[in-house]
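Structure assessment
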Protein chains: 2
Amino acid sequence: MSNIPKTPEPPYYAVIFTSSRTTGDNGYAEMAARMDELASEQEGYLGIESAREDLGITVSYWKDLESIQKWHENGEHRLAQMKGYEIWYQSFTVRICRVEKEYGFER
Amino acid sequence: MSNIPKTPEPPYYAVIFTSSRTTGDNGYAEMAARMDELASEQEGYLGIESAREDLGITVSYWKDLESIQKWHENGEHRLAQMKGYEIWYQSFTVRICRVEKEYGFER
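Below: a short report on this structure. (Residues numbered from 1 in each chain as written. Chains lettered and ligands numbered in written order. Predicted model: local features only at pLDDT ≥ 70, side-chain atom pairs only at ≥ 80, totals over all residues. Heavy atoms only, no water.)

Quick notes on the pairing of strand β2 (residues 45-52) of chain B
Residue and element names in this part refer to chain B. Where β2 lies against strand β3 (residues 56-62), seven bridges are found, and the strand directions are antiparallel. Bridged to Glu49 within β3 is Val59. Linking two consecutive strands that pair antiparallel, namely β2 and β3, is a turn of three residues. (Pairing = 2+ DSSP bridges. Helix = DSSP H or I, 4+ residues; strand = E, 2+ residues; numbered from the N terminus.)

Encoded structure:
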């Protein structure tokens, strides 16, 4: 992702997904691109941003907790989650947050 | 940062700092390392994680909003913020969040 997501006035929600990968691609890059696309089609989706160096950080933004729950339970996303546990991740942490304040700068 | 921060039971707070850099280092890497170190010495600090590709994402975790406010007003951090506006960032967004739920996985 190369643009900072434009999100509405708070409150809205964020899912911070921080991960450490296992070695080798094993289909990960293709799945990650597909999950970005699929997430963007879900109700309540507001945007996504990702970067990876030693750690990967993906933050997705959502209208409410119900949207996050539905995305979590999406069938194709569930399959990706299972492969995450089985193959792709050494470790990860998911943090579900209520965004209370936002400000920014543009040159 | 190469480890996912270990944070306490929610609720606690997160500051999601998403940025796009200008070209050239211009002292940025040294400042970023110093700010990671300085943040870790502040009251209420719980951890930090960063990654940069096209976008940079740094998430710092804090005990409460008061800790975030104090860190924001820290003198050395203020100087870094000024150079951020003047030199280092093309654009950035800061999102202040209340972490409501956390779960994870470790292989």
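Some points on unusual backbone geometry
All names here are of chain A. For the bond from Pro10 to Pro11, the omega torsion is 5°, close enough to zero to count as cis. Notably, Asn26 is not glycine yet its phi reads approximately 55°, a positive angle. Overall, the relative accessible area of 47% leaves Asn26 in the partly exposed class. (Buried < 20%, exposed > 50% of the residue type's maximum accessible area, 1.4 Å probe, protein only.)

As for the packing of helix α1 (residues 28-40) of chain A against helix α3 (residues 75-88) of chain A
For any two helices packed against each other, one specifies the inter-axial angle together with the distance between the axes. Residues and elements named next belong to chain A. Two elements in contact, α1 and α3, have axes whose closest approach is 11 Å; the angle formed by their N-to-C orientations is 150°. Classified by the interaxial angle, the pair formed by α1 and α3 is roughly antiparallel. Once α1 is placed against α3, the crossing between them reads as left-handed. Contacts from Tyr28, Met31, Arg34, Met35 and Leu38 in α1 reach Glu76, His77, Ala80 and Trp88 in α3. Grouping the amino acids of the contact of α1 with α3 by side-chain chemistry returns six nonpolar, one polar and two charged. (Axes fitted to C-alpha atoms, helices over the stretch in contact; angles between N-to-C directions. Parallel < 35°, antiparallel > 145°, perpendicular 65-115°, else oblique. Left-handed = near helix turned anticlockwise from the far one by under 90°. Contact = heavy atoms within 4.5 Å. Nonpolar A, V, L, I, M, F, W, Y, C, P; charged D, E, K, R; others polar.)

Side note on the pattern of salt bridges
According to the stated counting rule, one finds 14 salt bridges over all chains in the structure shown. Between Arg98 of chain B and Glu100 of chain B there is a salt bridge, with its nearest N and O atoms 3.5 Å apart. Several salt bridges share partner residues, and in doing so they unite Arg34, Glu37 and Glu76 of chain A into one network. (Salt bridge = Lys/Arg side-chain N within 4 Å of Asp/Glu carboxyl O.)

With respect to the sheet that holds strand β1 (residues 12-21) of chain B
Reading across the sheet, the eight strands line up as β2(A)-β3(A)-β1(A)-β4(A)-β4(B)-β1(B)-β3(B)-β2(B) and stay open at both edges, with antiparallel pairing between neighbours. Two strands close off the open sheet at either side, each with one partner strand: β2 (45-52) of chain A together with β2 of chain B. Adjacent strand axes in the sheet meet at a mean angle of 25° when their direction is disregarded. For strand β1 (residues 12-21) of chain A and strand β3 (residues 56-62) of chain A, the ladder comprises seven bridges, and the chain directions are antiparallel. Note on β3 of chain A: the bridge partner recorded for Ala14 of chain A is Tyr61 of chain A. In the packing of α1 of chain A onto the sheet, contacts are made with β1, β2, β3 and β4 (89-106) of chain A, and the angle to β2 of chain A comes to roughly 160°.

Thoughts on the relation of the copies chain B and chain A
For the pair chain B and chain A, the relating rotation is 180°, the translation along its axis is 0.0 Å, and the fit reaches an RMSD of 0.0 Å. What the rotation and shift describe, once combined, is the action of a two-fold rotation axis. By residue overlap, the copies meet face to face through one surface: 100% of the interface positions of chain B are interface positions in chain A. (Least-squares fit on C-alpha atoms with pLDDT ≥ 70 in both.)

Description of the interface of chain B and chain A
If you look at the interface, chain B gives 50 residues, while chain A gives 50 residues. For the pair chain B and chain A, the summed buried area comes to about 4200 Å², and 56% of that belongs to carbon and sulfur atoms. Viewed at the interface, chain A and chain B are joined by four salt bridges. The residue Arg95 of chain A makes a salt bridge to Glu102 of chain B at a minimum N-O spacing of 3.6 Å. Linking chain B to chain A there are 29 residue pairs in polar contact (both at pLDDT 80 or more). Of the residues contributing to the side of chain B that touches chain A, the split by class is 24 nonpolar, 14 polar and twelve charged. Bridge count for β4 of chain A against strand β4 (residues 89-106) of chain B is 15 bridges, and the pairing is antiparallel. (Buried area = accessible area lost by both parts, 1.4 Å probe. Polar contact = N/O pair within 3.5 Å; in protein donor to acceptor, adjacent residues only side chain to side chain.)

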